[in-house]
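The chain contents come next:
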Amino acid sequence: MNRVRVLLVVALALFAGHGVAAAPARKAPAPPPPAPLNFDALRAAIVDLMTTSGPRYPQGASFLERLDQLERAAAALPWSERERTFRALQREALLANPRLDFDRVLVVRRKLPSAPNPLTPVAMNALGLPSNHECNSSLNRTGFDNELAVLSLQAARTEAASAPARALPSLHRPPAGGYGGEVDLHWDADRLLFTQADATHWTVWEMRPDGSGLRQVSRLPEDVDAFDACYLPDGRVVFGATAAFQSVPCWHGARRVSNLYLMNADGSGVRQLCHDQDHDLHPSVLPSGQILFNRWDYTGINHIYLRELMAMNPDGTGQRALLGSNSWYPNSLYFTQPLPGAAPRLAGILSGYHGAHKMGQLLVIDASRGAEEHVGLVQRLSGRGEPIRPQISDVLVDEDWPKFLHPFPLTEKLLLVAAWPAPDRPWGIYLMDTFDNLVLVREEPGYALFEPVALEPRPRPPVIPDRIDPTRTDATVYLQDIHAGPGLKGVPRGTVTRLRVVAYHFGYPGLAGPDIIGRGGPWEVMRILGTVPLEADGSAHFTVPAGTPIALQPLDAEGKAVQLMRSWFTAMPGERVSCIGCHESSVRVPAPTYSLAASQPPRAIEPWLGPPRGFDFAREVQPVLDAHCVRCHDGTSTAPPDLRREELVEGYTGQLLSRLGVERMPPKMKAATGGRMRYTPAYDALVRYVRRVGIEDDVSLLTPGAYHADTSPLVQLLRKGHYGVALEAESWSRLVTW
């Protein structure tokens, strides 16, 4: 896999003019070839059911005999008869699974849009599927013909799957064409949560499985959307909301961000759990009682490829990445659910960035195998015997069929799932097993059937007690040894003496994008809180503000960053966060060693040249230029570039943004600026001489020293002695920190 070539392609497509590319034009999808008749897969499933179920699967031997007979006669049969007979036997044998001892399956039934190309954004939005870089707030709230309905497995066994005679009983139809979906069933199966939208906003609702007891749960202001809710074992609810009033940076602030929040069962006690740059999606509960969710982040990382699977405790403590850190592949894993059984396995949907919305390949995942790249991806389930093929691609799954959504695991080997087998077929409800059998349960012409949920009780995970202290505004961080893990591989001990503590301040609607903070990045405001010392053994113990996205940078004796943390962690009030080292494995067990920092109380952050603040070139760097540079670089033609303050440079107009950047500017900003961003003349002149993280940088873990200040031509020039310029310590600190 040629990573250099991939980066070049990304740079050409996304970085020209420092803009973020819009979605490429889509052609109508071509139908896939017919799925093969996998006799081995069906035979393996039948044998497994006979072995594991015994007398509860009494027809197993008969199914095997009929399968053997069909396989022997297959070559002599016309393809249509061979396929029809095989599919009928497959459906009969697998619907006889004794695990399917329940009858009712809740589904979302939604009218398909009339569109010549069902993979256009307009068509997919009309299906209630926001793009992979948007949340529900980007969809129309109304205009849907949809309902929550009940499918009967007993009826499915006796009627044609693709032309059912009986209509599905309706549980609830949102009024006035509002959206209805995102269902979560309580473990007792006596109530369910779902999302509903009206002309004003998105809200979380609850009702009983018979359609009675309808009530609104979320009670947020009308300018805040709430959706994607999930019951917690203690009765509370975790849900997505736009209450942080942040916006998606690659959308130049034009789309709202959803973070995860906690509320009581009656909608009271709302508290923010995740303080993240971009969307937190699809929360579910692991057998441990922890919350599993998808997080998208790209502070200094290519924004197309990084969406980690995260886990945390229900109170927001213990947030950590399970899979996807520093990984080009998989792009994104949506609707992830735990598989029952002893193995820590999950089922999820692999999708891309542009292209198909939230849909894609159905995978079995085991994050204990490894957290990076494709190591934790165990198996692809497609009904076609296809392997996992790691690839770095923006539009990752558009050519893949079938496409999947909304897995609902029944056992470690069996799932209900929504599937779209071909462009000319509707979305239907299917059984999928790990032997790679895909069996249609029901589809309806003109309608999509989504979100299958077995209406039966399930074991409730354990309750994890809250560990926060709501009276506190801070948290503590303990680092055992910064040299543990690959982040500082090869860096001699003693090189790193301090840690810089940085807090991200994410952009508000209309005030985010690749050029708001600087030319071509960074994506976000970085507030320098200060530094803390590193002990001689590499340990550290210090306090940080709670509810704040924090990044750490290991510094050498000159205050230059040896490594960059291009992500963040967030601690809850009173939480004690601990890590073993720099980018160590999340499954690594710390060595039982004594550290110097552990024997001391947590240290307070030492300010950097004043109170915590966002780094601003005009405030932090321009004074250095005023003191040492502008006596020569004064705007005359004899000593370019002009390094004077902006107010002294007549006719300065700033930099014109890319076409997309101008198009997505808020109208008032566009009218006021003409599509130009005014930084400062000195910034424009010097930024080209500084090696820095760009908005589409390498996703992989950086080599230590990759962005050390000494790699910048500006620093190299000054260190050599530029016309006798000699900087004092504070001026050096300001420059290398920039």
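Structure's up top.
Residues numbered from 1 in each chain as written. Predicted model: local features only at pLDDT ≥ 70, side-chain atom pairs only at ≥ 80, totals over all residues. Heavy atoms only, no water.

1. Describing the overall build of the protein chain
Alright, step 1. Counting its regular elements, the protein chain contains 13 helices and 33 strands.
Alright, step 2. A compact globule built from 738 residues would reach a C-alpha radius of gyration of about 27 Å, and the protein chain, at 28 Å, matches this within 12%.
Alright, step 3. C-alpha atoms of the protein chain, sized along the principal axes, occupy 90 × 60 × 55 Å.
Alright, step 4. Within the protein chain, the fraction of its 738 residues that count as buried is 58%.
Alright, step 5. Contacts in the protein chain between residues far apart in sequence, at least 24 positions, make up 64% of those at least 6 positions apart.
Alright, step 6. For the protein chain, the accessible surface area stands at approximately 29,500 Å², while carbon and sulfur atoms represent 56% of it.
Alright, step 7. Charged side chains in the protein chain number 74 positive and 78 negative. The centres of these two groups are separated by 2 Å. (Helix = DSSP H or I, 4+ residues; strand = E, 2+ residues; numbered from the N terminus. Rg over C-alpha atoms; globule rule 2.2 N^0.38 Å. Buried < 20%, exposed > 50% of the residue type's maximum accessible area, 1.4 Å probe, protein only. Contact = heavy atoms within 4.5 Å. Areas by Shrake-Rupley, 256 points an atom, 1.4 Å probe, with all protein chains shown as cover. Lys, Arg positive; Asp, Glu negative; His and termini not counted. Charge placed at Lys NZ, Arg CZ, Asp CG, Glu CD.)

2. Focus: the sheet that holds strand β6 (residues 202-207)
Alright, step 1. In spatial order, the strands read β4-β5-β6-β7; together these 4 strands make up an open sheet with antiparallel pairing. Each of the sheet's edge strands pairs with one partner strand only, and the pair in question is β4 (180-185) and β7 (215-216).
Alright, step 2. As defined by bridge partners, β4 adjoins strand β5 (residues 192-197) across 4 bridges and the pair is classed as antiparallel. In the strand pairing of β5, D184 is matched with L193. (Pairing = 2+ DSSP bridges.)

3. Things to note about the state of the cysteines
Alright, step 1. The final tally for this structure, using the stated rule, is 0 disulfides.
Alright, step 2. Considering cysteine sulfurs only, C135 is the nearest to C250, which forms no disulfide, with 12 Å between them.
Alright, step 3. Since its relative accessible area comes to 2%, C250 is described here as buried.
Alright, step 4. Sulfur of C579: no disulfide; nearest cysteine sulfur belongs to C582 and is 8.5 Å away.
Alright, step 5. Look at C579 and you get partly exposed, because its relative accessible area is 28%. (Disulfide = S-S within 2.5 Å.)

4. Things to note about the packing of aromatic side chains
Alright, step 1. What the rule picks out here adds up to 21 aromatic pairs.
Alright, step 2. With 5.2 Å between their ring centres and 40° between their planes, Y679 and Y683 make a pair best called tilted. When sorted by exposure, Y679 lands in the same class as Y683, which is buried.
Alright, step 3. Put simply, the rings of F144, Y179, W202 and F227 touch in pairs and so form one group of aromatic residues. (Phe/Tyr/Trp six-rings, centres within 6.5 Å; stacked < 30°, edge-to-face > 60°.)

5. A look at helix α3 (residues 60-73)
Alright, step 1. In this model, α3 (14 residues) spans 20 Å end to end at C-alpha, consistent with the 20 Å of a helix rising 1.5 Å per residue.
Alright, step 2. Buried within α3 are the following residues: G60, F63, L64, L67 and L70. Along the axis of α3, the buried residues cluster in a sector spanning 130°; they form a single face. Opposite the packed face of α3, turned more than 90 degrees from it, sit the exposed residues E65 and R72.
Alright, step 3. Turning to α3, the residues buried within the fold contact α2 (39-53) and α4 (79-95). (Expected span 1.5 Å × (residues − 1). Arc of directions from axis to C-beta.)

6. A short note on unusual backbone geometry
Apart from glycine, the bulk of residues carry a negative phi angle, and the bulk of peptide bonds sit in the trans form.
Alright, step 1. In this chain, Y329 is followed by P330 through a cis amide linkage whose omega measures 0°.
Alright, step 2. Among the secondary structure elements, P330 is positioned in the loop between β15 (320-323) and β16 (332-338).
Alright, step 3. Going from P640 to P641, the amide bond is cis rather than trans, its omega being 0°.
Alright, step 4. Its identity as a non-glycine residue notwithstanding, E182 has a phi of 55°, on the positive side.
Alright, step 5. By secondary structure assignment, the location of E182 is in strand β4.
Alright, step 6. Residue class for E182 comes out buried when judged on its relative accessible area of 15%.
Alright, step 7. A positive phi angle is found at K358, which is not glycine, with a value near 60°.
Alright, step 8. In this structure, K358 sits in the loop between β17 (346-351) and β18 (361-365).
Alright, step 9. Under the relative-accessibility criterion, K358 is labelled buried at 3%.

7. Looking at the sheet that holds strand β1 (residues 104-111)
Alright, step 1. Strands sit in the order β3-β2-β1-β24 across an open sheet of 4 strands; the sheet is antiparallel. Lying at the two open borders of the sheet, with one neighbouring strand each, are β3 (170-172) and β24 (447-454). Geometrically, the sheet is characterised by an average inter-axis angle of 35° between neighbouring strands, direction not taken into account.
Alright, step 2. Bridge count for strand β2 (residues 146-152) against β3 is 2 bridges, and the pairing is antiparallel. Residue pairing for β3: L148 is matched across the bridge by H172. (Axes fitted to C-alpha atoms, helices over the stretch in contact; angles between N-to-C directions.)

8. Considerations on the pairing of β1
Alright, step 1. Among the 8 residues of β1, 6 are classified as buried, and the element is accordingly described as predominantly covered.
Alright, step 2. Pairing geometry for β1 and β24, over 6 bridges, is antiparallel. In the sheet register, K111 faces β24, and the bridge partner there is Y447.

9. Side note on the environment of P612
Alright, step 1. Relative to the helices and strands, P612 resides in the loop between β30 (576-579) and β31 (613-614).
Alright, step 2. In this structure P612 comes out as partly exposed when scored by relative accessible area, which is 42%.
Alright, step 3. Spatially, the C-alpha atom of P612 lies 6.9 Å from that of G530, the residues being 82 residues apart in sequence.
Alright, step 4. Those residues in contact with P612 that lie beyond four places of it in its chain are R527, I528 and L529.

10. Looking at the packing of α2 against α3
Alright, step 1. Interaxial distance between α2 and α3 falls to 9 Å at its minimum, and their mutual angle equals 165°. By the criterion of interaxial angle, the relationship of α2 to α3 is roughly antiparallel. The crossing of α2 and α3 is left-handed. In this structure, α2 uses F39, L42, R43, I46, V47 and M50 to contact α3, whose residues at the interface are G60, A61, F63, L64, L67, D68, L70 and E71. (Parallel < 35°, antiparallel > 145°, perpendicular 65-115°, else oblique. Left-handed = near helix turned anticlockwise from the far one by under 90°.)

11. So, the pattern of salt bridges
Alright, step 1. Considering all chains together, one arrives at 42 salt bridges under this definition.
Alright, step 2. We note a salt bridge from D276 to R295, for which the minimum N-O separation is 3.6 Å. Here D276, found in the loop between β11 (271-272) and β12 (280-285), pairs with R295, found in strand β13 (residues 291-296); they are 19 residues apart in sequence, far enough to count as distant.
Alright, step 3. Look at R295 and you get buried, because its relative accessible area is 3%. (Salt bridge = Lys/Arg side-chain N within 4 Å of Asp/Glu carboxyl O.)

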